[in-house]
Amino acid sequence: MKRILSGIQPTGSLNIGTYLGSVKNFVKLQDKLPDYEFFIFIADLHAITVYKDKQVLRKLIKELAALYIACGLDPERVNLFIQSEVPAHSQMAYLFQCNSYMGELERMTQFKDKARKQEKGVTVGLFSYPTLMAADILIYDPDFVPVGKDQKQHLELTRDIAVRMNNKYNDIFTVPEPLIAEIGAKINSLSNPTAKMSKSDDNEKSRINLLDPENIIKKRIKSAITDSMGTVKYDPENRPGISNLLTIYSVITNMPFNDIEDKYEGKGYKEFKEDLGAIVFQELKPIQERYNELINSKELDLILDKGRDRAIQVTERKLAKTMDRIGLGRKRK
Ligand code: ATP
Ligand code: LTN
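Residues numbered from 1 in each chain as written. Chains lettered and ligands numbered in written order. Predicted model: local features only at pLDDT ≥ 70, side-chain atom pairs only at ≥ 80, totals over all residues. Heavy atoms only, no water.

A.B. asks: Account for the overall build of the protein, naming residues and giving values.
C.D. replies: The number of helices and strands found in the protein is 13 helices and five strands. The globule rule puts the C-alpha radius of gyration for 333 residues at 20 Å, and the 21 Å found for the protein is close to it. Principal axes of the C-alpha set define a box for the protein whose edges measure 75 × 45 × 40 Å. In the protein, which comprises 333 residues, the proportion classed as buried is 51%. Restricting the contact set of the protein to residue pairs at least 6 apart, pairs at least 24 apart contribute 74%. Split by element, the accessible area of the protein, about 16600 Å² in all, is 49% carbon and sulfur. Distance between charge centroids for the protein: 4 Å, based on 51 positive and 46 negative side chains. (Helix = DSSP H or I, 4+ residues; strand = E, 2+ residues; numbered from the N terminus. Rg over C-alpha atoms; globule rule 2.2 N^0.38 Å. Buried < 20%, exposed > 50% of the residue type's maximum accessible area, 1.4 Å probe, protein only. Contact = heavy atoms within 4.5 Å. Areas by Shrake-Rupley, 256 points an atom, 1.4 Å probe, with all protein chains shown as cover. Lys, Arg positive; Asp, Glu negative; His and termini not counted. Charge placed at Lys NZ, Arg CZ, Asp CG, Glu CD.)

In structure tokens:
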């Protein structure tokens, strides 16, 4: 059976950037591709590459698990699990660290960006992060990996590692294709619309979290940075603010930019923003309701147990095969 895999880090409350750029896509794919097996996980090992308080981390892991389901992932269709509960990911990462080079990891833009922000030193984990990500992926032999645009470089490195391992050790891994949605692949910050909307941005006004109450959602849209031109037109080069809001509008409603522009012809930002606030809230309301049912339920634990068990089954086999091909331990019978 063909496979699709992706993960999200529990580094902060989920915002509409990650939702529209990533989770909503998983839900669409699960419905569109019934012949694929899905593996979706909470990348908690990635989250500790920068220090996280224990209580905060635990809460974020559970919150993300519940949100995945609340956003529409079907636990019958998808193996949902927590990365650290599947030990073979880290073991495979070590094998990849011995097959990747300082130079290629030093070139990763996410590493450079994140390293620059560290005041207390940069961990080896942050540096080797892409090898763990490659392990997360290649250990499942997925055909496709749906991600946002910012992960493209990591996916290219993953493919390079797969090809290199295949050449050295006789075709072990499927070389996966990234699946990057055309619209919504990058939702930008509401306060700085040329930068990505990010969980880790210090400015709360920059984003809308999936669990934000109605009044906050509407307030954030209202105060989103636009420009002084006052017309609702999609022009990301010259007018990033309004274009970002149009992207959010379009991804949620499935309306093409032209139709939205026509609808607001002759109208100002005020009306557009009021409508968008209502649209975003309508989208999030059922998610919040389902989240509240799930967060303290036994159901959530059962879903995560089932996902973990299947992930362990797949990864233990693949790890054993890889170790055998490398020549580690004793020869398999
Ligand atoms: P941070 O927001 O803290 O920078 P991150 O992007 O590094 O987080 P994740 O939250 O794990 O990491 O990202 C999960 C997925 O969501 C990735 O595929 C990523 O590309 C996508 N994603 C995250 N933010 C956005 C965004 N603003 N627009 C579109 N896609 C996004
Ligand atoms: N690095 C990704 C999260 C992530 C991931 C993965 C995504 C970790 N492992 C495997 C897809 C496949 C991020 O920062 N968004």
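A.B. asks: Account for the layout of surface pockets, naming residues and giving values.
C.D. replies: If you add up the space inside the largest pocket, you get close to 1500 Å³. Considering the residues around the largest pocket, the lining is formed by 49 residues, among which Gln9, Lys114, Lys196, Ser198 and Ser200 are closest to the centre. Secondary-structure elements contributing two or more residues to the lining of the largest pocket are strand 1 (2-8), helix 1 (16-32), helix 2 (44-47), helix 6 (109-117), helix 7 (124-138) and helix 8 (152-169). Top contributing element to the lining of the largest pocket by residue count: helix 6, with five residues. When the residues that make up the lining of the largest pocket are grouped by side-chain class, the tally is 16 nonpolar, 21 polar and 12 charged. (1 Å grid on protein atoms, 1.4 Å probe; cavity = no way out; pocket = protein on both sides within 12 Å on 5 of 7 lines; lining within 4 Å. Points joined across faces, edges and corners; volume = space filled by probe spheres on them. Nonpolar A, V, L, I, M, F, W, Y, C, P; charged D, E, K, R; others polar.)

A.B. asks: Describe the site of ligand 1, listing the residues and the values that go with them.
C.D. replies: Close to ligand 1 lie 21 residues, the nearest being Asp150, Ile187, Lys196, Lys199 and Ser200. One nitrogen or oxygen atom from the main chain of Gln9 is found 2.7 Å from an oxygen atom belonging to ligand 1. Here an oxygen atom of ligand 1 and a side-chain polar atom of Ser198 are 3.2 Å apart. When ligand 1 sits alone it has 590 Å² of accessible area, and the protein chains cover 96% of it. Under a 2 Å grid-point criterion requiring more than half of the atoms, the pocket assigned to ligand 1 is the largest pocket. Counting residues per element, the shell around ligand 1 draws most heavily on helix 1, which supplies four residues. For the shell around ligand 1, the residue count by class is five nonpolar, 11 polar and five charged. (Near = heavy atom within 4 Å. Polar contact = N/O pair within 3.5 Å; in protein donor to acceptor, adjacent residues only side chain to side chain. Sits in = over half its atoms within 2 Å of the grid points.)

A.B. asks: Describe the pairing of strand 3 (residues 78-82), naming the residues involved and giving the relevant values.
C.D. replies: Most of strand 3 sits out of view: five of its five residues are buried. Alternating residues of strand 3 divide into Val78, Leu80 and Ile82 and Asn79 and Phe81, and every residue in both groups is buried. In this sheet, strand 3 lies alongside strand 2 (residues 36-42) in parallel orientation, the contact comprising five bridges. What sits directly across from Phe38, in strand 3, is Val78. (Pairing = 2+ DSSP bridges.)

A.B. asks: Pulling in residues and values, what's your account of empty space enclosed by the protein?
C.D. replies: Following the criterion strictly, the structure yields two cavities of 30 Å³ or more and no others. Put simply, the largest cavity is a space of about 40 Å³. Together, Gln110, Phe111, Lys114, Leu126, Tyr129, Pro130 and His154 line the largest cavity. Broken down by secondary-structure element, the contributors of at least two residues to the lining of the largest cavity are helix 6 and helix 7. When the residues that make up the lining of the largest cavity are grouped by side-chain class, the tally is four nonpolar, two polar and one charged. Counted as a void, the second largest cavity has a volume near 40 Å³. The wall of the second largest cavity is formed by Gln9, Pro10, Gly12, Ser13, Leu14, Leu60, Glu63 and Leu64. Looking at the lining of the second largest cavity residue by residue, the class counts come to four nonpolar, three polar and one charged.

A.B. asks: Which residues make up the pattern of salt bridges, and what are the values?
C.D. replies: Summed over the entire model, instances satisfying the criterion amount to 19 salt bridges. Of the charged contacts in the structure, one is a salt bridge between Asp150 and Lys196, with a shortest N-O distance of 3.0 Å. Of this pair, Asp150 sits in the loop between strand 4 (144-146) and helix 8 while Lys196 sits in the loop between strand 5 (177-179) and helix 9 (214-222), placing them 46 residues apart in sequence. Judged by its relative accessible area of 37%, Lys196 falls in the partly exposed class. Put simply, Arg290 and Glu299 hold a salt bridge, and the shortest N to O gap is 3.3 Å. By relative accessible area, Arg290 is classed as partly exposed at 25%. (Salt bridge = Lys/Arg side-chain N within 4 Å of Asp/Glu carboxyl O.)

A.B. asks: Outline the site of ligand 2, listing residues and values.
C.D. replies: Gln9, Tyr129, Met133, Asp136 and Gln151 are the nearest of the 14 residues found near ligand 2. A distance of 2.7 Å is found between a nitrogen atom of ligand 2 and a side-chain nitrogen or oxygen belonging to Tyr129. Within the side chain of Gln151, an N or O atom sits 3.2 Å from an oxygen atom of ligand 2. Calculation on ligand 2 without its partners gives an accessible area of 360 Å², and the protein chains cover 92% of this total. The pocket occupied by ligand 2, as judged from atoms lying within 2 Å of grid points, is the largest pocket.

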